[in-house]
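Chain by chain, the residues run as shown.
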Amino acid sequence: MTQQDSVTVAENSTQQVDGVQVVENAEEPGLLESPQKMLIRPVSVQGVMEHSLQHRERVGVQDFVLLEDYRSEAAFIDNLKKRFHENIIYTYIGNVLISVNPYKNLPIYTEEKTKLYFKKAFFEAPPHVFAIADNAYRSLVYEHREQCILISGESGSGKTEASKKVLEYIAARTNHLRNVENVKDKLLQSNPLLEAFGNAKTHRNDNSSRFGKYMDIQFNYEGGPEGGHILNYLLEKSRVVSQMHGERNFHIFYQLLASSDQSLMTHLKLQGRPEAYKYTSDSTSHMSQRANDQEQFRVVQEAMKVIEIGESEQREIFEIVASVLHLGNVKFVQNDKGYAEILSHDANSGNAADLLKVNATALREALTNRTIEARGDVVSTPLDVEQAQYARDALAKAIYDKHFSWLVSRLNSSLAPIEKDAKSSVIGILDIYGFEIFPKNSFEQFCINFCNEKLQQLFIQLTLRQEQEEYLREGIEWEPVEYFNNIIICDLIEARHKGIISILDDECLRPGDATDASFLDKLNQHLDGHQHYKSHRKSDTKTQKLMGRDEFCLVHYAGEVTYNVNTFLEKNNDLLFRDIQSLMASSDNTIVGCCFKDYNLRSKKRPETAITQFKNSLNDLIKILSSKEPSYIRCIKPNDFKAPMQFDDKLVSHQVKYLGLMENLRVRRAGFAYRRTYEAFLERYKCLSAETWPNYRGAARDGVQRLVEALQYEKEEYRMGNTKIFVRFPKTLFATEDAFQIKKNDIATIIQSRWRGYYLRKRYLRMRNAAIVIQKWVRRFLAQRLRERRRKAADVIRAFIKGFITRNGPETPENRRFLGVAKVHWLKRLSAQLPTKLLDLSWPPCPSTCREASEELHRLHRAHLARKYRLALSPDDKKQFELKVLAEKIFKGKKNSYLSSVGERFVNDRMSPEHRTLRDTFMASPAWPSGEELIYSCEAVKYDRRGYKARARGLLASRAALYVLDAGGRRTFRLKHRLPLDRLTVVVTNESDSLLLVKVPRDLKKDKGDLIISVTHLIEALTIVTDYTKKPELIEIVDTRTIAHSLVNGKQGGTIEVTKGTQPAIQRAKSGNLLVVATP
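Residues numbered from 1 in each chain as written. Predicted model: local features only at pLDDT ≥ 70, side-chain atom pairs only at ≥ 80, totals over all residues. Heavy atoms only, no water.

1. Structural notes on the sheet that holds strand S24 (residues 961-966)
No. 1: Read across the sheet, 8 strands follow the order S25-S24-S23-S22-S28-S27-S26-S29 without closing on themselves; strand pairing throughout is mixed. Two strands in the sheet have a free side with no partner beyond their single neighbour: strand S25 (974-980) and strand S29 (1035-1038). With strand direction ignored, the average angle separating the axes of adjacent strands in the sheet is 30°.
No. 2: With 4 bridges connecting them, strand S26 (residues 985-989) and S29 associate as parallel partners. Bridge pairing in S29 links threonine 989 to valine 1038. (Pairing = 2+ DSSP bridges. Helix = DSSP H or I, 4+ residues; strand = E, 2+ residues; numbered from the N terminus. Axes fitted to C-alpha atoms, helices over the stretch in contact; angles between N-to-C directions.)

As structure tokens, this is what we get:
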């Protein structure tokens, strides 16, 4: 695949665009399974490059080549910013991936996202690190071209994470291949191991790589990883002995100190506190950080097992790390002679010696003395305290540096393929520091920036070469591109005999007292006239104010960098005294002995300087990269605070400059901004011409020619290559894409109508077939249910007929149901025909089986009506009924006049109005006792005991007594008798007369004997009085024809004769007795 195929787009999360929900890959099967699932727009900003152009105002363009104002750095940064705020961290410049660290987790590395890039052409999927990895992998497997992926950027920009994602993608991509699990695990587990020993926390990054790494992954002919090889560059070993405030040493020191393995800590003689050791005391460790270090230490141990580092080797590795910590705590004191010595009770030197497995006395001697050969004589020179501290720190740095190199070689031996394969090929991953410009730049920054100058030179050369090759391949005339060729800066640094490196080495190696100042003088002497070199003495006044006298300035491709020459010579020499080298070579720790045994201790030749070693390694790396097809990932950090969603324009502008992105874009845009194969271009835009829609039957090139003619492209706007169309200006592509987006709605309507017709026709046929099947089964079910219902109905009718036949017989199983039905129907009829009046004695007839129940129901209903009637009575009516009941008890069946009294209401007052007035007057007189209540009053006729003369009288009854009043023509009632009720006995006949004989006790001397009285409403009077006295036994009903009455003192008086006649009467008979005539 060529770089022109690399122009693609896509965003990494589902978006809402113009109110329409859009998703990735709308062309996937299943999205058109039903009209309800169809989208108005097929894809969002996550689709291919051309489609995303419609959203360019909101999310920018996904390839900087399509920027209209491609020379404007402000437009470049604005495009990055737009995408960053939409959580779109990846953008292309051709085939270069720009990655902005989001400082938060994004859902763009899931298994689903990973599979999106499997076997996809570069322009078919969103910009992503996976697209770079997949493009390299497919070029390796299918085109057998070895690949390399160059990852660069400053600390904290995400280089390490990018390299991890490349490895993770390759591991996922090769999951289907056999026998590669072990190799993949080793490749993936090499990362935590190298990070523990080569990464550290800095102000800019919590996991900053402090070394450059180039990893080759070897693949077999099937495309499965079978091994790997790692090269490391320029480990920042000065960090072992000192760090800036707030930064940390390499992770492994803190991870080891956080270990929960107490036996290991005891063996290494370590305390679990970083502040207890000089080399780790500059940083503060929180509990959360310690817990994380403890967990990471466990991960490192697991990684060592996967890499096949045995327990003995692990123990020796940890012994080396612990020995460095103990070395840092070795203290020197000045003796009487002014030389350095180590106190005998200082346990740190002994601990370091034990862990390094060397003689403790020899170690103390080597740290405080130096052996020098002079003309065949060996002289031991004591060191002062400063020199001894330098020796100690140099030893610590050397041990850690060589141990790190050994660890890399150990990884390489574990990753090496078991068998050599002539058909194998490799993908290289270069994770290396980006251009660095600090307020104070030293030797390390000089090396790093030199490395970036070389890589920039290679990058521009390869980019131009690729462009030229494609133009030549497509038959397009190549137009020379003007660009800044930084070979002049590379020569300034590395030219033989006159470059900065050569001058630095000469100063380090010459006899005499060489210093950093003399080195700076020589630089000024030889390079002052160079256009990319600035010295303090020849700079303008403004620059002199900013530049120190111990500094020089280089004009790099990324900008001016001022370097301070202090420690340049020391760091370049990187000397370790021979006594210490010899002692370390004799170590019984196999790793330490192996690391130092390569030193040729007897050689008189001075070893190469650090910068020369680095230059040679870098040139070797450039040769490796030049032999491979490169891919680039440029990492940018958006802010210095590791904060998500914060975009610092100034900081990003600085990185864009030193990463050379604008220069890269300018070179890429020097020719044509957009290119696409004829087939892809025609497939997308064929709807814009009637001649090419819906399908063009001829060659794709001819179809594209007709298409551009229909679009009225100007001659200078495009070129037709052998297999691709080249469009020079982004605005031409934008106009084409906008026309396509407008046209797409019309096309979508046509497609939708055709699809809906097709879909609904298929749906109708499926529904029709389904309906036939359902109808068949429903009819079967209904027929079965009807048959069952008819069978049950026949059984019911048969049983009913049998019950009807035997309905009058005893209850049997045959007639039980019929009788039950008959009972139900009778109860229903009864409920509708119940009598509603108490006096209605009618009752509906019932079946013979219900006779007993009918009688009981009749009784209950009568009781219910009676109760209902009673509850409805007023107090007066209730009293009437009580009196009638009492009269019934006393007189029914005993006195013939009882029946005539039933229908008439009883009243308490039977007097005429004029007598009622006289009564009231009497009751107001003293003759009526105070407080006595009148209960009954009526007019009566009293018959004398002798002669039976009739006399008009008034009768008053109270609760206590019976009053007999004389009413004969007087204006007032005169009291004749007052008789206590409880002392009286009343005699009446059983006939229908009104005679009342009051028996007066003998002790009532005042009265003259029994009273014979005629009362019209006899039964009423007696009943009311009895109701109050509650003594019905005082009434005596006699069935005789004669009744004797007494005179005073009980003497026998006359006789009362009772007879029947047509007219009732009470009169004196001829016999001299009182005759009472009663009607029959």
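Continuing now.
2. Section: the side chain of histidine 556
No. 1: Turning to its location among the elements, histidine 556 is positioned in strand S16 (residues 551-556).
No. 2: In this structure the side chain of histidine 556 is engaged in a polar contact, spanning 2.7 Å, whose partner is the side chain of tyrosine 563.
No. 3: For histidine 556, the residues in contact, after removing those within four places along its chain, are Phe435, Asn449, Glu453, Ile489, Ile493, Val561 and Tyr563. (Polar contact = N/O pair within 3.5 Å; in protein donor to acceptor, adjacent residues only side chain to side chain. Contact = heavy atoms within 4.5 Å.)

3. Concerning the nonpolar core
No. 1: Phe197, Phe253, Met584 and Ile633 are the most contacted members of the largest nonpolar core, which has 104 residues in total.
No. 2: With near-sequence residues (within four places) excluded, phenylalanine 197 lies in contact with Phe250, Ile252, Met304, Ile317, Val321, Tyr400, His403, Phe404 and Leu407.
No. 3: In terms of nonpolar packing, the next biggest core, distinct from the first, is built from 94 residues, Phe459, Leu527, Tyr713 and Ile725 among them. (Core = buried A, V, L, I, M, F, W, Y, C linked by side-chain atoms within 4.5 Å. Buried < 20%, exposed > 50% of the residue type's maximum accessible area, 1.4 Å probe, protein only.)

4. What about the environment of glutamine 468?
No. 1: Structurally, glutamine 468 is set in helix H15 (residues 443-474).
No. 2: Take glutamine 468: its relative accessible area is 37%, and that puts it in the partly exposed class.
No. 3: Between the C-alpha atoms of glutamine 468 and tryptophan 478, which are 10 residues apart in sequence, the distance is 6.6 Å.

5. Comments concerning the packing of helix H11 (residues 311-328) against helix H12 (residues 347-356)
Between two packed helices, what matters for the description is the angle formed by their axes and the separation of those axes.
No. 1: Packing of H11 against H12 leaves a shortest axis separation of 8 Å and a crossing angle of 160°. Here H11 lies roughly antiparallel to H12, going by the angle between them. Pair H11 / H12 crosses with left-handed handedness. Contacts between H11 and H12 involve Glu319, Ala322, Ser323, His326 and Leu327 from the first element and Asn348, Asn351, Ala352, Leu355 and Leu356 from the second.
No. 2: Counted by class, the contact of H11 with H12 contains 5 nonpolar, 4 polar and 1 charged residues. (Parallel < 35°, antiparallel > 145°, perpendicular 65-115°, else oblique. Left-handed = near helix turned anticlockwise from the far one by under 90°. Nonpolar A, V, L, I, M, F, W, Y, C, P; charged D, E, K, R; others polar.)

6. Comments concerning unusual backbone geometry
No. 1: At leucine 234, a residue that is not glycine, the phi angle is positive and equals roughly 50°.
No. 2: Tracing the chain through its elements places leucine 234 in the loop between strand S9 (225-233) and helix H8 (251-257).
No. 3: You can call leucine 234 partly exposed: its relative accessible area is 27%.
No. 4: Although it is not a glycine, glutamate 308 sits at a positive phi angle of roughly 70°.

7. Here we look at the packing of aromatic side chains
No. 1: Using the criterion set out here, one finds 30 aromatic pairs in the structure.
No. 2: Geometrically, the ring pair formed by tyrosine 137 and phenylalanine 219 is edge-to-face, given 5.7 Å between the ring centres and 65° between the ring planes. Of the two residues, tyrosine 137 is situated in helix H5 (residues 129-143) and phenylalanine 219 in strand S8 (residues 212-219); the sequence distance between them amounts to 82 residues. Like phenylalanine 219, tyrosine 137 is buried.
No. 3: Here tyrosine 533 and phenylalanine 552 contribute two aromatic rings whose centre-to-centre distance is 5.8 Å and whose plane-to-plane angle is 20°, an arrangement assigned as stacked. One end of the pair, tyrosine 533, is in strand S15 (residues 533-535); the other, phenylalanine 552, is in strand S16, and 19 residues separate them in sequence.
No. 4: Members of the aromatic cluster, each reached through a chain of ring pairs, are Phe443, Phe446, Phe519, Tyr533, Phe552, Tyr563 and Phe568.
No. 5: Above the ring of phenylalanine 596, the side-chain terminus of lysine 402 is found at 5.7 Å from the ring centroid.
No. 6: The positively charged end of lysine 879 is found above the aromatic ring belonging to tyrosine 1028, 6.0 Å away from the centroid. (Phe/Tyr/Trp six-rings, centres within 6.5 Å; stacked < 30°, edge-to-face > 60°. Lys NZ or Arg CZ within 6 Å of the ring centre and 35° of its normal.)

8. Points about empty space enclosed by the protein
No. 1: Tallied over the entire structure, the rule returns 6 cavities of 30 Å³ or more.
No. 2: For the largest cavity, the lining is made up of 22 residues, of which Leu962, Leu981, Val986, Leu1022 and Val1025 are closest to its centre.
No. 3: Residue assignment for the lining of the largest cavity shows that the elements contributing at least two residues are strand S22 (934-943), strand S23 (950-958), strand S27 (995-999), strand S28 (1011-1015) and helix H34 (1018-1029).
No. 4: In terms of residues, the lining of the largest cavity owes the most to one element, H34, which gives 6 residues.
No. 5: Residue classes in the lining of the largest cavity are distributed as 19 nonpolar, 2 polar and 1 charged.
No. 6: In this structure, the second largest cavity encloses a volume near 70 Å³.
No. 7: The wall of the second largest cavity is formed by Thr160, Ser163, Asn191, Leu194, Glu195, Asn199, Ser209, Phe211, Lys213 and Asp431.
No. 8: Breaking the lining of the second largest cavity down by element, the ones donating at least two residues are helix H6 (159-173) and helix H7 (181-198).
No. 9: A per-element tally of the lining of the second largest cavity places H7 first, with 3 residues. (1 Å grid on protein atoms, 1.4 Å probe; cavity = no way out; pocket = protein on both sides within 12 Å on 5 of 7 lines; lining within 4 Å. Points joined across faces, edges and corners; volume = space filled by probe spheres on them.)

9. With respect to the sheet that holds strand S32 (residues 1065-1068)
No. 1: Ordered by their spatial adjacency, 4 strands build an open sheet running S30-S31-S33-S32, and the pairing between neighbours is mixed. Only two strands of the sheet have a single partner each, and these edge strands are strand S30 (1042-1046) and S32. Taking each pair of neighbouring strands and ignoring which way they run, the sheet shows an average axis angle of 25°.
No. 2: As paired elements, S30 and strand S31 (residues 1052-1060) share 4 bridges and run antiparallel to each other. What sits directly across from isoleucine 1043, in S31, is isoleucine 1056.

10. Re the confidence of the model for the protein chain
No. 1: Residue-level pLDDT values for the protein chain average 83, and 91% of them are 70 or greater.
No. 2: Counted against residues more than four places away or in other chains, residues 1-50, with its pLDDT under 50, gives 166 contacts. (pLDDT = per-residue confidence, 0-100.)

11. Let's talk about the side chain of aspartate 966
No. 1: Following the sequence through the fold, aspartate 966 ends up in strand S24.
No. 2: On the basis of relative accessibility, which here comes to 7%, the residue aspartate 966 falls in the buried class.
No. 3: In this structure the side chain of aspartate 966 is engaged in a polar contact, spanning 3.0 Å, whose partner is the side chain of arginine 953.
No. 4: With sequence-adjacent residues up to four places away left out, aspartate 966 is seen in contact with Ala952, Arg953, Thr972, Phe973, Arg974 and Lys976.

12. Focus: a nonpolar patch on the surface
No. 1: Where nonpolar side chains cluster on the molecular surface, the patch consists of Ile774, Val778, Phe781 and Leu782 and spans about 360 Å² of accessible area.
No. 2: Inspection of the secondary structure assignment puts valine 778 in helix H28 (residues 730-805). (Patch = residues over 30% accessible without salt bridge, like charges linked within 9 Å, V, L, I, M, F, W, Y side chains within 5 Å. Areas by Shrake-Rupley, 256 points an atom, 1.4 Å probe, with all protein chains shown as cover. Salt bridge = Lys/Arg side-chain N within 4 Å of Asp/Glu carboxyl O.)

13. A short note on the pairing of S8
Two faces belong to every sheet, and in a regular strand the side chains alternate between them.
No. 1: Within S8, 8 of the 8 residues are buried, which leaves the element mostly enclosed by the surrounding structure.
No. 2: Residues Gly212, Tyr214, Asp216 and Gln218 of S8 are buried on one face, and the alternating residues Lys213, Met215, Ile217 and Phe219, pointing to the opposite face, are buried as well.
No. 3: Relative to S9, S8 runs antiparallel, the two being bridged by 8 bridges. The partner of tyrosine 214 across the bridge, within S9, is leucine 231.
No. 4: Remark: 5 residues form the turn of the hairpin made by S8 and S9, two consecutive strands paired antiparallel; glycine 223 in that turn has positive phi of roughly 95°.
No. 5: When S8 meets strand S14 (residues 425-433), the two strands line up antiparallel, connected through 7 bridges. Bridge pairing links phenylalanine 219 to serine 425 in S14.

14. Things to note about the pattern of salt bridges
No. 1: Following the criterion strictly, the structure yields 56 salt bridges and no others.
No. 2: Between lysine 269 and aspartate 354 there is a salt bridge, with its nearest N and O atoms 2.8 Å apart. Of this pair, lysine 269 sits in the loop between helix H9 (262-268) and helix H10 (287-306) while aspartate 354 sits in helix H12, and the two are 85 residues apart along the sequence.
No. 3: For the salt bridge of arginine 974 with aspartate 966, the shortest nitrogen-to-oxygen distance reads 3.2 Å.
No. 4: Residue class for arginine 974 comes out partly exposed when judged on its relative accessible area of 37%.
No. 5: Here the salt bridges share partners, and the residues they tie into one network are Arg210, Glu236, Arg239 and Glu247.

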